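An overview of the molecular structure
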Amino acid sequence: MTSGLSRKFAVSIERWPIAGAFTISRGAKTEAVTVVAAVSQGDCTGRGECVPYPRYGETAEATLEALNAMQEPLAEGLDRAALQAAMPAGAARNALDCALLDFEAKSSGQRIWTLLGRPAPRPCTTAFTISLGTPEAMASATAKAAHRPLLKIKLGGDGDDARIAAVRKAAPESELIVDANEAWTADNLEYLLAACANAGVTLVEQPLPAGRDEALARIKRPVAVCADESVHDRASLEGLRTRYDAVNIKLDKTGGLTEALAMADAAQTLGFEIMIGCMVATSLAMAPAMLLAQQARFVDLDGPLLLARDRDGGLRYDGSLVYPPEAALWG
Ligand SMILES: CC(C)C[C@H](N)C(=O)N[C@H](CCOc1cc(O)cc2c1C(=O)N[C@@H]2C)C(=O)O
Ligand SMILES: [Mg+2]
C-alpha cells in the first residue's frame, strides 16, 4: 500500500543512439530522442516513454514543459481518467498515461492487463524496417533481413517502382508492407500502387500527404492502404472510411494506451484493419503497445531493434518475435 505518502513526478529527456542511421522520406536520423515520465509514491514508480514528433509540431523541450505543467494537477490527485481531458492527444500525454498505468499495476501488485480486464498478451511477430535508400542499398539491407517474416519498406516517391522490385527480389519469401511517409502524389499514386501489387506487397502506408489524400477515395486500390500521418485518435477515424482500409495506431498519436485501446475498438467497428506502430524508441515505449498488438493485423514494434542499445530489462526479441514485458519494465 502506498497511500498516505505524497506523489512525486519527474520528467527527463533521453537520447538513444541508432545503430547506423535511419532514413525515411523526410530525412535521416542517428539518435532517438525520447521523453520519460515517472510517477512515484513511496517505493513504487510507474514510468512511461514517448517520442515527440516534429511532423506534428512536437519537440522534446515543449513535451518536457507540457509534462512539467502537470506537476500540480498530479499532486492534487489527477488520475488517468481525468488526464484524457486535461491534456491533448500527443506524445506528452502518452508518457504520462503510460506512467499512470504502470503505477496502477505496480502499486496494486497486479499486471495491467488484469486490471484493464484484457487477456494476457502473447508474443507477436513484428515487422522489421528497411530504411529508404537506393534500390541497391535497400536490396542489400533486405537480403540481410530476408529470413524475417514481415518487412516494412520505407519508400520516398520517385524511383519507388525500382526500389520495391529490388527489395522483392532480395526477399522472395517475406511478407512486404511499404511506408511512403506522404511522399507520393495524386499523379503517381495508381502507377506506384500497381508496382506494389505486382511485387506482392500486402499494405501501403500513408502514400499521400495527410489532408491531401482525397484521390485515394476515387481510385480502385489494388493493395490495402493504411493511414498513418492522416489518423491520430478516435476523432479522426470517421473521415477516412472511403480513403483507407487500415489505420496505424501509435500511442504517441493517441496520447497513450487508454485512448489507443478505445480507438482500436472503434476502428474495428468501422471496418478498418489495425496496425500497431511505433517511433524509434526503447522497449519502455513498445511495452504498452503489446496490449494492442493482440488485436492488430500488422504489428510494427521494431523501435528497439534499430537502436545501438536498448534500456536494461528491455523486451525480449527472438528474431522478429517480440515477447510481452516483464513487470519490472512496464505494466
Ligand atoms: C524503428 C522504426 C523506424 C519504427 C517503425 N517501424 C516506423 O517505421 N515508424 C515510422 C515513424 C518514423 O519515425 C520517425 C520519422 C521521423 O521523420 C522523425 C522521427 C521518427 C522517430 O521515430 N523519431 C523522430 C521524431 C512510421 O510508421 O512512419
Ligand atoms: Mg508510417
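An account of the accompanying structure is given in this report. (Residues numbered from 1 in each chain as written. Chains lettered and ligands numbered in written order. Predicted model: local features only at pLDDT ≥ 70, side-chain atom pairs only at ≥ 80, totals over all residues. Heavy atoms only, no water.)

**Quick notes on the nonpolar core**
One finds Ile 153, Trp 184 and Trp 330 to be the most contacted residues of the largest nonpolar core, which totals 83 residues. Ranked by the residues each element gives to this core, the list is headed by helix H11 (residues 257-269), at 6 residues. Split by domain, this core shows at least three residues from each of two domains, domain 1 (8-111) and domain 2 (124-322). Not counting the four nearest positions on each side in its chain, Trp 184 is found in contact with Leu 155, Gly 157, Asp 160, Leu 189, Leu 192, Leu 193, Cys 196, Val 204, Pro 207, Leu 208 and Pro 209. (Core = buried A, V, L, I, M, F, W, Y, C linked by side-chain atoms within 4.5 Å. Buried < 20%, exposed > 50% of the residue type's maximum accessible area, 1.4 Å probe, protein only. Helix = DSSP H or I, 4+ residues; strand = E, 2+ residues; numbered from the N terminus. Domains from an automatic or database assignment. Contact = heavy atoms within 4.5 Å.)

**Remarks on the coordination of the magnesium ion (ligand 2)**
Only Asp 179 (OD), Glu 205 (OE) and Asp 228 (OD) from the protein coordinate the magnesium ion (ligand 2), and they sit 2.1 to 2.2 Å from it. All donors to the magnesium ion (ligand 2) come from one chain, and their sequence spacing reads D-x25-E-x22-D. Linking Glu 205 in strand E8 (residues 201-205) with Asp 228 in the loop between strand E9 (224-227) and strand E10 (246-249), this pair joins segments that are 23 residues apart in sequence. Judged by its relative accessible area of 0%, Glu 205 falls in the buried class. (Donors = N, O, S within 2.8 Å, 3.2 Å for Na, K, Ca; no water.)

**Describing the sheet that holds strand E12 (residues 298-299)**
Within a beta sheet, neighbouring strands are joined by backbone hydrogen bonds and run either parallel or antiparallel to one another. Across the sheet, 8 strands lie side by side as E5-E6-E7-E8-E9-E10-E11-E12; this open sheet has parallel pairing. Looking at which strands have only one partner, the edges of the open sheet turn out to be strand E5 (128-130) and E12. In this sheet, E8 lies alongside strand E7 (residues 175-179) in parallel orientation, the contact comprising 4 bridges. Across the sheet, the residue bridging to Asp 179 is Glu 205, located in E8. Of the strands in this sheet, E7, E8 and E9 touch helix H8 (residues 189-198), which is tilted by about 150° from E8. (Pairing = 2+ DSSP bridges. Axes fitted to C-alpha atoms, helices over the stretch in contact; angles between N-to-C directions.)

**With respect to the packing of helix H7 (residues 160-170) against H8**
Look at H7 against H8: their axes get within 9 Å of each other, and the N-to-C directions meet at 5°. The angle between H7 and H8 places the two elements in the roughly parallel class. Within the contact between the two elements, H7 uses Asp 160, Asp 161 and Ile 164 and H8 uses Tyr 191, Leu 192 and Ala 195. Looking at the contact of H7 with H8 residue by residue, the classes come out as 4 nonpolar, no polar and 2 charged. (Parallel < 35°, antiparallel > 145°, perpendicular 65-115°, else oblique. Nonpolar A, V, L, I, M, F, W, Y, C, P; charged D, E, K, R; others polar.)

**What to know about the sheet that holds strand E13 (residues 317-318)**
Judged by pairing direction, the sheet is antiparallel, and its 3 strands sit side by side in the order E4-E14-E13 without closing on themselves. Lying at the two open borders of the sheet, with one neighbouring strand each, are strand E4 (124-125) and E13. By the bridge criterion, 2 bridges tie E4 to strand E14 (residues 321-322) in an arrangement that is antiparallel. Note on E14: the bridge partner recorded for Cys 124 is Val 322.

**Here we look at the site of ligand 1**
As a matter of local geometry, ligand 1 sits amid 22 residues, with Thr 129, Cys 278, Val 280, Asp 300 and Asp 302 nearest to it. One nitrogen or oxygen atom from the side chain of Asp 179 is found 3.0 Å from an oxygen atom belonging to ligand 1. Between ligand 1 and the protein, one listed contact pairs an oxygen atom with a side-chain N or O atom of Asn 181 at 3.0 Å. A total of 600 Å² of accessible area belongs to ligand 1 in isolation, and the protein chains cover 94% of it. With respect to the detected pockets, ligand 1 is housed in the largest pocket. Mapped onto the shell around ligand 1, the elements with two or more residues apiece are strand E1 (7-24) and strand E6 (150-154). When the residues that make up the shell around ligand 1 are grouped by side-chain class, the tally is 10 nonpolar, 3 polar and 9 charged. Three or more residues apiece are contributed to the shell around ligand 1 by two domains, here domain 1 (8-111) and domain 2 (124-322). (Near = heavy atom within 4 Å. Polar contact = N/O pair within 3.5 Å; in protein donor to acceptor, adjacent residues only side chain to side chain. Areas by Shrake-Rupley, 256 points an atom, 1.4 Å probe, with all protein chains shown as cover. 1 Å grid on protein atoms, 1.4 Å probe; cavity = no way out; pocket = protein on both sides within 12 Å on 5 of 7 lines; lining within 4 Å. Sits in = over half its atoms within 2 Å of the grid points.)

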